[in-house]
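Listed here are the chains, written in short residue letters.
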Amino acid sequence: MISSISERITAIRSSLPASVRLIAVTKQVSTEAMRCAYAAGIRDFGESRIQEAASKQIELQDLRDITWHFIGHLQTNKAKKAIEQFTWIHSVDNLKLAQRLNQLAQQLGLSPSVCLQVKILPDPNKSGWSVPQLLADLPELNQCKNLQIQGLMTIPPLELNDLEILDVFNQTRTLAQQIQEQNWSHIHMQHLSMGMSGDYQLAVQAGATIVRLGTILFGERPL
Ligand SMILES: *Cc1c(COP(=O)(O)O)cnc(C)c1O
């Protein structure tokens, strides 16, 4: 089992373009398996729960060059912990949260990298900006000068076929380009965080710069 994690990481890594950043999503994954991923070259780890991540960060504190990515839904009351524990937050999904993170970042002297999570299609199971709301909020997001707004993150709704998924990813890239062309001083769209185990090849095809992979590296998570 342990050796197969490193084999899978090696195989997936070599199948990805060198420019695509691979985040190993380790929710419900043991620190033993995470050490194995680290030994196989992983330096980016993604977690979706603050509490679970905190104890793993303590257990793995000897691995000093890990970059921690928060990828789960973030409640405003956990915003402080999130920016203290994570250098990237992929799941900033509304203006209030962005403004709260910005305020905390200023107080704490931090400048977290963030992605703006967008819903290209309506999806009651996911959080994120609708496209019109995101475009409307850009002037205020541009005021969040303590955040490094790096790009967009998206998760397609479940039960789309491959063509529909590819279309969601392509629309996300086009939206990022559209925002980039508006030349905001503090909003930069150089990253697209998209692609999970089931759809990362489509995401890469559409221009993903960051993929977030769990199951395909570590096996199925217990429910
Ligand atoms: C769990 C999760 C992933 C990884 O999903 P897999 O299908 O296991 O690769 C990626 N992104 C987010 C936001 C997640 O919650």
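Structure shown above.
What this report covers is the structure whose coordinates are included nearby.

Procedures and definitions
Residues numbered from 1 in each chain as written. Predicted model: local features only at pLDDT ≥ 70, side-chain atom pairs only at ≥ 80, totals over all residues. Heavy atoms only, no water. Helix = DSSP H or I, 4+ residues; strand = E, 2+ residues; numbered from the N terminus. Contact = heavy atoms within 4.5 Å. Polar contact = N/O pair within 3.5 Å; in protein donor to acceptor, adjacent residues only side chain to side chain. Buried < 20%, exposed > 50% of the residue type's maximum accessible area, 1.4 Å probe, protein only. Pairing = 2+ DSSP bridges. Near = heavy atom within 4 Å. Areas by Shrake-Rupley, 256 points an atom, 1.4 Å probe, with all protein chains shown as cover. Nonpolar A, V, L, I, M, F, W, Y, C, P; charged D, E, K, R; others polar. Axes fitted to C-alpha atoms, helices over the stretch in contact; angles between N-to-C directions. Parallel < 35°, antiparallel > 145°, perpendicular 65-115°, else oblique. Left-handed = near helix turned anticlockwise from the far one by under 90°.

**Some details on the environment of tryptophan 184**
Along the polypeptide, tryptophan 184 turns up in the loop between helix H7 (162-180) and strand S8 (187-193). Placed 16 residues apart in sequence, tryptophan 184 and tyrosine 200 show a C-alpha to C-alpha distance of 29 Å. The contacts of tryptophan 184, once residues within four sequence positions are left out, are Leu138, Pro139, Asn142 and Ile179. Among the polar contacts listed, one links the side chain of tryptophan 184 to the side chain of glutamine 182, at a separation of 2.8 Å.

**Some details on the side chain of threonine 154**
Tracing the backbone shows threonine 154 in the loop between strand S7 (148-153) and H7. At 2.7 Å, the side chain of threonine 154 forms a polar contact with the backbone oxygen of valine 118. Not counting residues within four places of it along the chain, the set of residues in contact with threonine 154 comprises Val118, Ile120, Val168, Phe169, Thr172, Ser193, Met194 and Arg212.

**Some words on the pairing of strand S1 (residues 21-25)**
Counting buried residues in S1 gives four out of five residues, a clear majority hidden from the surface. Pairing between S1 and strand S9 (residues 210-213): four bridges, direction parallel. Across the sheet, the residue bridging to leucine 22 is valine 211, located in S9. In the sheet, S1 pairs with strand S2 (residues 44-47) via two bridges, with the strands oriented parallel. The residue bridging alanine 24 from the neighbouring strand is phenylalanine 45, located in S2.

**Things to note about the site of the ligand**
Surrounding the ligand, one finds Val25, Lys27, Ile71, Ile155, Met196, Ser197, Arg212, Leu213, Gly214, Thr215 and Arg221. Residue lysine 27 places a side-chain N or O atom 2.6 Å away from an oxygen atom belonging to the ligand. Within the contact set of the ligand, an oxygen atom lies 2.8 Å away from a backbone nitrogen or oxygen of glycine 214. Alone, the ligand offers 390 Å² of accessible surface; in the complex the protein occludes 88% of this. Residues that form the shell around the ligand fall into these classes: five nonpolar, three polar and three charged.

**Digging into the packing of helix H6 (residues 131-141) against H7**
Contact geometry for H6 and H7: axes closest at 12 Å, N-to-C directions at 20°. In terms of their interaxial angle, H6 and H7 are classed as roughly parallel. Seen along the crossing, H6 lies across H7 with a hand that is right-handed. For the pair formed by H6 and H7, the contact residues are Val131, Leu134, Leu135 and Leu138 on the first element and Leu175, Gln178 and Ile179 on the second.

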